[in-house]
Structure formats: structure tokens, C-alpha cells
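# Results of the structural survey
This is what each chain is made of:
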Amino acid sequence: MVVHVDGAVAEPGVYELPVGARAGDAVEAAGGLLDGADLTGVNLAAHVADGEKVHIPVEGEEPAASAIVSGATAAAIQDGVVNINTADAAELATLPGVGEATAQAIIEDRERLGPFATPEDIMRVSGIGEKKYERMRDRIRVS
């Protein structure tokens, strides 16, 4: 996967990282933090997904809503299609056959194993088999 790293890092740019990489891995790929980096609002343990931007602010910079900012696919739900890598439990529960428990299982799975590489990967979640996947496949996407 490819991520964009900028802000208070030694070598801002676009980097290829393995699936499951975290924001801290992206910062390391960009040569590490510069003096004056403000990590107050940054979660270096957060998983990053393909196409995301990791911004490390400098001290005194107005904090963004998140230091990890997705590109055009930032919204978890677009045109009724749910991004299973970024959706919260309520958004996941809008999918056919997904209730509160399954939504939580999806979140726990992606936190433990990293983001889903393909929509079909959702079948690695306990309780989601081929039949349930078939009901939701037109309503899910990954980024």
C-alpha cells in the first residue's frame, strides 16, 4: 500500500508500506520525527490504509481533526457504500446482516490483523460467511 507522509518528518513524501502498517511505520519510512514535532493529537499506533495521508504537526500548529487524513475516500459511507476499513460500529451496522456484535467483531478484527485488503476479506471475521458476504458485497468497499 502507498501512503503520503508530511509535516514534521525528516523526508516528507510518498512511501510504500506493507498492509497492516501503522502511522509510526509511516513516520519511520519518512526518516523519523523532526525536533518540534507535536505528537499530542497523533496516534502512531493507528493502522493506515492505502491512499491515506499521515500528517505530523509542528508545535503550535492548529490541530487537525485527525493526524491521519484519508484522501478522496475519507468518508466511511459514500453513496450508500461502507468503507469497512474506516467505518465505526454504527456505520457497519447499516450493512445487511450486521448487528452490534458483528460490527464490533469487524472493528476488532481490523485492529488485530490490519485493514482489509479486499472486500472479500471481511469473511475472515467470525460470523461472516459466504451467504452474509453475498448480501453485503455491493454495499462494502476498502481503501
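## Structural notes on the nonpolar core
- Ranked by size, the top nonpolar core spans 17 residues in total, and within it Val5, Leu17, Val48 and Ile56 carry the most contacts.
- Secondary-structure elements contributing two or more residues to this core are strand E1 (2-7), helix H1 (23-29) and strand E3 (53-56).
- It is H1 that contributes the most residues to this core, three residues altogether.
- If we skip the residues at most four places from it in the chain, Val5 touches Pro12, Gly13, Tyr15, Ala26, Ala30 and Val54.

## Considering the pattern of salt bridges
- Summed over the entire model, instances satisfying the criterion amount to four salt bridges.
- The salt bridge partner of Glu134 is Arg137, with a shortest N-O separation of 3.2 Å.
- Given the relative accessible area of 44%, Glu134 is considered partly exposed.
- Take Arg137: its relative accessible area is 42%, and that puts it in the partly exposed class.

What counts, and at which threshold
Per chain, residues are indexed from 1 in the order of the written sequence. Local features in this predicted model are restricted to residues whose pLDDT is 70 or higher, and side-chain atom pairs enter the listing and the counts only when it is 80 or higher, whereas totals over whole chains, interfaces and linings include all residues. Remark: hydrogens and water are excluded; side-chain values derive from all non-hydrogen atoms of the structure. Residues belong to one nonpolar core when they are buried, are Ala, Val, Leu, Ile, Met, Phe, Trp, Tyr or Cys, and are joined through side-chain atoms within 4.5 Å. Residue burial is assigned from relative accessible area. The probe radius is 1.4 Å, only protein chains are included, and a residue is buried under 20% of its type maximum, exposed over 50%, and partly exposed in between. Per the convention used, a helix needs a DSSP run of H or I reaching at least four residues, while a strand needs a run of E reaching at least two, with both numbered from the N terminus. Any pair of residues with heavy atoms lying within 4.5 Å of one another is described as a contacting pair. By salt bridge we mean one thing: a side-chain nitrogen of Lys or Arg within 4 Å of a carboxyl oxygen of Asp or Glu.

Purely spatial values, then, with no claim about function.
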